[in-house]
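# A structural walkthrough
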2 protein chains.
Amino acid sequence: MRLSDSIESFIKAMLSQEEPAVELKRNELAEYFGCAPSQINYVLATRFTLDDGYVTESRRGGGGYIRIVRVVESGQQRLAYLINERIGSAITEEEAVRLIGQLVQQQVITLPEGEIMRAAVSGQALSVPVPDAVKDALRARSMKSMLTAVARQNRGALKG
Amino acid sequence: MRLSDSIESFIKAMLSQEEPAVELKRNELAEYFGCAPSQINYVLATRFTLDDGYVTESRRGGGGYIRIVRVVESGQQRLAYLINERIGSAITEEEAVRLIGQLVQQQVITLPEGEIMRAAVSGQALSVPVPDAVKDALRARSMKSMLTAVARQNRGALKG
DNA sequence: TCAATTCTGACTTTCTTTGACCAATGCCAG
DNA sequence: CTGGCATTGGTCAAAGAAAGTCAGAATTGA
């Protein structure tokens, strides 16, 4: 068995029972597995990505830590996946606005939340000197990030 | 637990019960926590900034003190300040997160709204190959755009 | 074999803590 | 008054304590 797989299992075991989040010390974990600390980063980068349904935060310096949060429950995974599919790696402002409108309509998000999202992906927000293609990519990432935040909050109770 | 966190909690506990302000002696507090007096300054500088919603004043010499005041503003005032003065043309993710947290704290926006905004300005959302300076500029525009949307909605539903 | 994946180590960045030195204030002795 | 001195708090740089990055070595699987 690969080291990475062991570390992955170890972390997932910590997360599995009711715990939606876990906090760990990079150096301690590396010590425990007898490997280089950067190995932990590798595992996080390859097995605990947003697409895998996890968000990680960390802090350096004295008392530093790494926190891993499971973000998508199996039931919602479908929805999140659909959203990801639909958005892809680029999306125009018009498409984004339409999609947000639908979400408000379906009461997945509130009207104020929809307005904020619309503002975030508006031409206003993105009027910076980069090519349109980059803007569309940026908009897609922004949308996915925001929708993930929504999914994370609606833990368990989403209506399609 | 970090020393800084302990000191932060201690001060916030003093502030929490109806007290909008607290006055303390730097040396006494340092003595109490068994640390260097300058540690207190560090805590103030990193956790009781204006972005966090606090103002600090102090006086040296005999009978000297440090006073920490929780600043109170209306939601519209705060929004206007952020949009017109604070954010400017560039802002880092850390600063943005701080400002958003403060808005949630003061109930200018809801927690889900805050999460969405945070998601919109996160490194995740902006992980596109452009220089940091451009990301900071993008983030500033995004923030102002979203906050403007919030301000627009609050208009009419607020007194003064 | 060879390309993709996994691992490592040196180097970087960020956050915390301390200590030496600086600056302001109030009080007294002269 | 006034100049010194004790009493505070302020600043800053350096040391310490994590975590992050990245290029390249090692390994694995087809």
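Check the entry above for the structure.
Described below are features of the structure shown in this document. (Residues numbered from 1 in each chain as written. Chains lettered and ligands numbered in written order. Predicted model: local features only at pLDDT ≥ 70, side-chain atom pairs only at ≥ 80, totals over all residues. Heavy atoms only, no water.)

## Re the protein's contact with DNA strand D
For clarity, the cut-off: The nearness test applies per residue and asks whether one of its heavy atoms lies within 4 Å of the molecule or strand. Nitrogen and oxygen atoms within 3.5 Å of one another constitute a polar contact, given that in protein one can donate a hydrogen and the other can accept it, and given that sequence-neighbouring residues count only through two side-chain atoms. Each helix is a run of DSSP H or I of at least 4 residues and each strand a run of E of at least 2, with the numbering of both proceeding from the N terminus. The classification used treats Ala, Val, Leu, Ile, Met, Phe, Trp, Tyr, Cys and Pro as nonpolar, Asp, Glu, Lys and Arg as charged, and all other residues, Gly among them, as polar.
In the vicinity of DNA strand D lie 29 residues, with Asn 41 and Arg 60 of chain A together with Asn 41, Ser 58 and Arg 60 of chain B positioned nearest. Near the protein, meaning within 4 Å, the atoms of DNA strand D are sugar or phosphate in a fraction of 63%, with bases accounting for the rest. In this structure, Asn 41 of chain A approaches DNA strand D through a side-chain N or O atom, which is 2.7 Å from a phosphate oxygen. Here a sugar or linking oxygen of DNA strand D sits 2.9 Å away from a polar atom, N or O, in the side chain of Arg 60 of chain A. Mapped onto the surface near DNA strand D, the elements with two or more residues apiece are helix H2 (26-33), helix H3 (37-47), strand S2 (54-59) and strand S3 (65-70) of chain A together with helix H2 (26-33), helix H3 (38-47), strand S2 (54-59) and strand S3 (65-70) of chain B. Class assignment for the residues of the surface near DNA strand D results in four nonpolar, 16 polar and nine charged.

## What about the packing of helix H5 (residues 93-105) of chain B against helix H6 (residues 111-121) of chain B?
Residues and elements named next belong to chain B. What counts is decided by this rule: Think of each axis as a best-fit line through the C-alpha atoms, taken over the contacting stretch in the case of a helix, with angles from 0 to 180 degrees between the N-to-C directions. Oblique is the label for any angle not covered by the other classes, which are roughly parallel (under 35 degrees), roughly antiparallel (over 145) and roughly perpendicular (65 to 115). Residues are treated as being in contact if the distance between any of their heavy atoms lies within 4.5 Å.
At a minimum axis distance of 9 Å, the contact between H5 and H6 shows a crossing angle of 170 degrees. Here H5 is positioned roughly antiparallel relative to H6, judged by the angle of their axes. Of the residues in H6, those touching H5 at Glu 93, Ala 96, Val 97, Ile 100 and Val 104 are Leu 111, Gly 114, Met 117, Arg 118 and Val 121. Tallied by class, residues from the contact of H5 with H6 come to seven nonpolar, one polar and two charged.

## Some details on the sheet that holds strand S1 (residues 21-24) of chain A
Residues and elements named next belong to chain A. For clarity, the threshold we go by: Between any two strands, at least two bridges found by DSSP are needed for them to pair.
Sheet architecture is open: three strands sit in the order S1-S3-S2, paired in antiparallel fashion. Only two strands of the sheet have a single partner each, and these edge strands are S1 and S2. Ignoring strand direction, the axes of neighbouring strands in this sheet form an average angle of 15 degrees. In terms of strand pairing, S2 meets S3 through six bridges, oriented antiparallel. By the bridge assignment, Val 55 is partnered in S3 with Val 69. Set on the sheet, helix H1 (residues 3-16) makes contact with S1, S2 and S3; between it and S1 the angle comes to about 130 degrees.

## Examining helix H1 (residues 3-16) of chain B
Residue and element names in this part refer to chain B. Definition in use: By this rule the span expected of a helix is its residue count minus one, scaled by 1.5 Å. Burial here depends on accessible area, computed with a 1.4 Å probe over protein chains only, as a share of the maximum for the residue type. Under 20% is buried, over 50% is exposed, and the range in between is partly exposed. Taken from the helix axis, the directions to the C-beta atoms give the arc we talk about.
Between its first and last C-alpha, H1 extends 20 Å over 14 residues, near the 20 Å set by a 1.5 Å rise per residue. Looking at H1, one finds that the buried residues are Ser 4, Asp 5, Ile 7, Glu 8, Ile 11 and Leu 15. Projected down its long axis, H1 shows its buried positions confined to an angular sector of 165 degrees, all on one face. Phi for Glu 18, located one or two positions after H1, is positive at around 65 degrees.

## Comments concerning the interface of chain B and chain A
Heads up, the rule is: What counts as buried area is the accessible surface, traced by a 1.4 Å probe, that two parts surrender upon association, with contributions from both included. Salt bridges, as used here, are contacts in which a Lys or Arg side-chain nitrogen is within 4 Å of a carboxyl oxygen on Asp or Glu.
With 27 residues of chain B at the contact, the number on the chain A side is 31 residues. Interface of chain B and chain A: buried area, both sides summed, is about 2,400 Å²; carbon and sulfur atoms make up 63% of it. The tally of links between chain B and chain A comes to zero salt bridges. Inspection of the chain B/chain A interface yields seven residue pairs in polar contact (both at pLDDT 80 or more).

## Things to note about the sheet that holds S3 of chain B
Residues and elements named next belong to chain B. Taken in spatial order, the three strands make up an open sheet running S1-S3-S2, and their pairing is antiparallel. Where the open sheet ends on each side, the last strands, each with one partner, are strand S1 (21-24) and S2. Neighbour-to-neighbour, the strand axes of the sheet open up by a mean angle of 15 degrees, direction not taken into account. Running over the sheet, H1 touches S1, S2 and S3 and is turned about 130 degrees from S1.

## Describing the packing of aromatic side chains
Aromatic rings considered in pairs are described by the distance between their centres and by the relative angle of their planes. Applied cut-off: Aromatic pairs are defined between Phe, Tyr and Trp rings, using the six-membered ring for Trp, whenever the two ring centres lie within 6.5 Å; interplanar angles under 30 degrees are classed as stacked, those over 60 as edge-to-face, and all others as tilted. Throughout this description, the term charge over a ring refers to an Arg CZ or Lys NZ atom that lies within 6 Å of the ring centre and within 35 degrees of the ring normal.
Enumeration over the complete set of coordinates arrives at eight aromatic pairs over all chains. Taken together, a centroid distance of 5.5 Å and an interplanar angle of 90 degrees make the contact between Phe 10 of chain A and Phe 33 of chain A edge-to-face. Taken as a pair, Phe 10 of chain A in helix H1 and Phe 33 of chain A in helix H2 lie far apart in primary sequence, 23 residues in all. Each residue in the set Phe 10, Tyr 32 and Phe 33 of chain A is aromatic and connected to the rest through ring pairs, giving one cluster. We note Lys 12 of chain B situated over the ring of Phe 48 of chain B; from NZ or CZ to the ring centre the distance is 5.4 Å.

## Some remarks on the protein's contact with DNA strand C
DNA strand C sits among 26 residues. The nearest are Ser 4, Tyr 42 and Arg 60 of chain A together with Ser 4 and Tyr 42 of chain B. When the atoms of DNA strand C within 4 Å of the protein are grouped by moiety, sugar and phosphate amount to 62% of the total. With respect to DNA strand C, the side chain of Arg 47 of chain B contributes an N or O atom lying 3.2 Å from a phosphate oxygen. The set of elements that each furnish at least two residues to the surface near DNA strand C consists of H1 and H3 of chain A together with H1 and H3 of chain B. Class assignment of the residues belonging to the surface near DNA strand C gives a composition of eight nonpolar, ten polar and eight charged.

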